[in-house]
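Overview (structure and organization)
Given next are the chains, with one letter for each unit.
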Amino acid sequence: MSLYLWFALMVITSSIWIIWFLYRPLKSNKINLESSNITLGKQKLLELEQDLHQNLIDEEQFNQAKEEISTTLAIELQQVGNIQNNTNNNTWVLILILVLLPLMSVGIYQYLTPKNNIVQPLESPKKPLSLGQSAENIVQYLQTNEHDAQAWKILGLTYFELGRLDLSIDAYEKSYQINPKDLRLLVEYASMMISANDSQFSEQSVKLIKQALEIDPNAPEALYLAGMFAVSQRDFNLAKGLWQRALNAMPKGSIDRVALVNILSELKTVEGSKEMPEHSISVYVDVSDEVLKSRSSEDFIMIYVKAVKGRPMPIAIKKIKLKDFTGQVVLTDQDSVIQGNQLSRHDQVITVVRISATGSAMRGASDIQVLSKVINVADNPFIHLSVK
Amino acid sequence: MLIEIGHFALVLALVFAVLQVVLPTIGIIKHDTTLSGLSRSLLLMQFFWILIAFVILMNAFVVDDFSVKYVASNSNTQLPSIFKMSAVWGAHEGSLLLWALILAAWSVAVSIFSRRLPAEVLNHILIILGLISIGFLLFLLLTSNPFERLDIVPVQGRELNPLLQDFGLIIHPPMLYMGYVGLAVPFAFVLSSLIRGQLDSTWLRWSRPWALMAWAFLTFGITLGSWWAYYELGWGGWWFWDPVENASFMPWLVATALVHSLSVSEKRGAFKHWTVLLAISGFSLSLLGTFLVRSGILTSVHSFAADPARGLFILVFLVIVIGGSLALYAWRASLMQSNNTFSLLSRESGLLVNNILLVAAMLSVFLGTLYPLLLDALDLGKISVGAPYFSAVFVPIMIPAVLAMVIIPFLRWKKDTTQRLTGLLKWAWVGVGLLFIVSALLVDNISVLLAVFLFIWIVAHSLILLFQRLRQKGSMSLAFIGMIFAHIGIAVFLLGATVTTQYGVEKDIKMDIDKPITIAGYDFILKSVTPLSGQNYQGNKGHVEVYFEREKIADLRPEKRQYVTGMPMTEAAIDRSLYRDIYIALGESLEDDSWSLRIYYKPLIRWIWLGGLLIALGALLATFDRRYRLRVKG
């Protein structure tokens, strides 16, 4: 049933409802304000007597309160107007409802709904086109617009949905010939080729992925496919790196993060106990003699990296007693604080060296702290910091 | 298509709300009972269409229809089904739809359960409720459409705020809204009386059960919110004087005053001015709370929207409601004169004093909540008003109110004497005094000592009152039992809140695996921290063994979760009992086999919510008192 019919049905139901109750009103309880106030006045007197019985009012005040209740009742009865109610013939209401209800409801709906949203359901109440019909329409369109790369792309996708993989490849190829710089097309075309080839990567599909990454090295979809290719080559390390990059490129709250996080987690299972390549930061720390003299050898030196923005908590940390510190540490993913937040997942970090008496996560008043500049994790950098 | 039907259903609901106001108004003016009587049937249809819209939106969540912007923004395929359903009210648009649905449900309840009301009064009330409904439906349709479609449909939706993926979300907002919206009913009763110019016994008597019911829901909703914050936010606190919490607390204080003021007005015909003002301010404050939460003025877990258009709409609505009702009040002020007299020492005076104290307490919260916002808005600097302000201002106002609360039921109506009162209660006071002296020997903390005194004071007086009534045959009523429950609830809450604040222990500590740490007489051993993987999060799960006097009493497993959206969440592990809670929240890994943890020892914390539940139960019992089931003959 079309949307229009549904709307009509809803309006008709609403109109019938009103008309029904217009001619067959809900039964009234026949209580008028006068009888209500009289009943309540009597009830208040009864409650007053109960209060007297419960010693909640004394005899003298009881009599006064009794008078007050009577006076109040008298005033309330005076206030009640003596108006004769009647039931009229409300044909005008009937006409008004029949005219106004559809006009008001559809009018308000049209006013509130953006045109592009309502035009489609209202102008095309027919059944939506089937995929086959859509493909035919696009083919017809392309007969007169054969250089429309977008249309070829949509046709390729439509054929793919229809299971016509050969036709889909042809359509994508046409689109590719017209506009080989369309990132979206390159990714879709590659995906389709992989699907058509029983999830195997062909030379052509790998070439398309590379081209996509040349256009945008951080394109998440291209990175995802590149990661899939790496897995097919059993290069799990590369796959993980590519997917981590894809994950980093996705905005927080992105809809694809969920899937990618799951894939990464599955990859961990596949990879088993294998060591993953990871980024590392080598930190050389010079602690001056003055500082060493002022501190106990039991004090801690904490070397950690934190995100450039956001929460100041350490991403990866090493905590060593001053007496055991050799002057150099290497921070890797193994030193990460949270499993899902390894060092390698960050593009840029700041290195912090802190000497602390307690070794507490919170910075104390006597702690000495030195920070590095912002550093790129992917460079596997060597940092030199001096604590003076 | 279903989504468009839902949207259209909402439009139809608006049309019916308009008709619910217009046709009965014409009927009243023309003295046409058919037209004026249409209000009930029009209301039923309005409710039906809102319900249809609500069900369609819920269905969109359940079937993951991400073509709907609201669904795509607040749910995804991995969200457990129960949270998909509750996600409907997890953000602004859906919660407003729930608000409109609850308002319509309250209105239907009024039309069904107010059969003792004269039809003309009921019709006026339904017209006012229809007007409020128009305001909220317009707000929904013009600024907060939950059925808005997306041009490009995402294959996956976003994450519902992890804080809201909890049982608390399923029940806390609906209960709170029941309270907020419920205050619209006594407000509608008052306004209909002002419009009719008949501030009589009828509206006073029949509006009280509705005020009690709304107060019960509001109490329950606030209690649930406090309990939820305690276990979900990972701070171990139960009340933060957060402006949004205050926004619900202010109408609660006024509603408390209103149910007491109404009890005098309906029995003795006094305090009509006061009762009218309280009914107006109760609902106005619930609208103010909505304005604060929805305008983007406040930022907290409760704040749904930072949209000035929404803020402006509610502000205009607020001005119309408050301005209109106060203008009506001024116009009809002469009708509220009462000749009923009472002396300085009487039950009426006692209730009036308590009412004034409650309103003063509300004003202190109002000031502490809005003053910093006002300064900020005027660029006069930022100040933070927190617990120290409220402890210094709010608490001293409430102490006399609590002391008087249990004395007032002993006072006689209209006039009493100190001799009679002291004669009646002197032995009780001696007993309370002795118990207090014994407590003073055992308790070394002034605040706790004060709380113990107030607890003994309230419980002793309540029990004496109960035994007194038990001796008088036929004098027990649900209203009386409800009052006893509510007053004892206050005592239980007071003691719980003070003891947990004063004697609670909170430690942020570093724990090594298998190395015991002692806190508040309990030994804690961190046994392990293992990786954790849930449907839409990953993280770590700790295992802490808790020993008391060398006997193991609990295995607690706090979790630290990292949701796929990157939002971290602490799931505290709690060993619960009526006497104390042990609360553990897992922090960060510090080094090999070493973790930061927050361990809290919270004595009597459950008494806070037990007290809240007793108050709500008391209010609910009073609602069903036989006096409100009185048969009125036509």
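All of the points below concern the structure found in this document. (Residues numbered from 1 in each chain as written. Chains lettered and ligands numbered in written order. Predicted model: local features only at pLDDT ≥ 70, side-chain atom pairs only at ≥ 80, totals over all residues. Heavy atoms only, no water.)

**Overview of empty space enclosed by the protein**
For the structure shown, the criterion picks out three cavities of 30 Å³ or more. Space inside the largest cavity adds up to approximately 60 Å³. In terms of lining, the largest cavity is formed by K44(A), A65(A), E68(A), I69(A), T72(A), K267(B), R268(B), G269(B) and N340(B). Those elements that provide at least two residues to the lining of the largest cavity are α3 (59-79) of chain A together with α11 (243-268) of chain B. Among the elements that line the lining of the largest cavity, the one with the most residues is α3(A), at four residues. (1 Å grid on protein atoms, 1.4 Å probe; cavity = no way out; pocket = protein on both sides within 12 Å on 5 of 7 lines; lining within 4 Å. Points joined across faces, edges and corners; volume = space filled by probe spheres on them. Helix = DSSP H or I, 4+ residues; strand = E, 2+ residues; numbered from the N terminus.)

**Topic: unusual backbone geometry**
Look at N55(A): it is not a glycine, yet its phi comes out positive at around 65°. Tracing the sequence through the fold places N55(A) in the loop between α2 (33-53) and α3. Here N55(A) falls in the partly exposed class, since its relative accessible area comes to 38%. Here the phi dihedral of W241(B) falls at roughly 55°; this positive angle occurs in a residue that is not glycine. Among the structural elements, W241(B) can be located in the loop between α10 (201-232) and α11. The buried category is assigned to W241(B), whose relative accessible area is 16%. (Buried < 20%, exposed > 50% of the residue type's maximum accessible area, 1.4 Å probe, protein only.)

**Focus: the packing of aromatic side chains**
Residues and elements named next belong to chain B. In total, this model carries 41 aromatic pairs over all chains according to the counting rule given. On the basis of an interplanar angle of 85° and a centroid distance of 5.5 Å, the ring pair of F136 and F317 is categorised as edge-to-face. Taken together, the positions of F136 in helix α7 (residues 119-143) and F317 in helix α13 (residues 308-331) put the pair 181 residues apart, joining distant regions of the chain. Assigned by exposure class, F136 and F317 land together as buried. Geometrically, the ring pair formed by W239 and W241 is edge-to-face, given 6.0 Å between the ring centres and 90° between the ring planes. W241 shares its class with W239; the two are buried. Geometry around Y600 places K602 over its ring, the cationic atom sitting 5.3 Å from the centre. (Phe/Tyr/Trp six-rings, centres within 6.5 Å; stacked < 30°, edge-to-face > 60°. Lys NZ or Arg CZ within 6 Å of the ring centre and 35° of its normal.)

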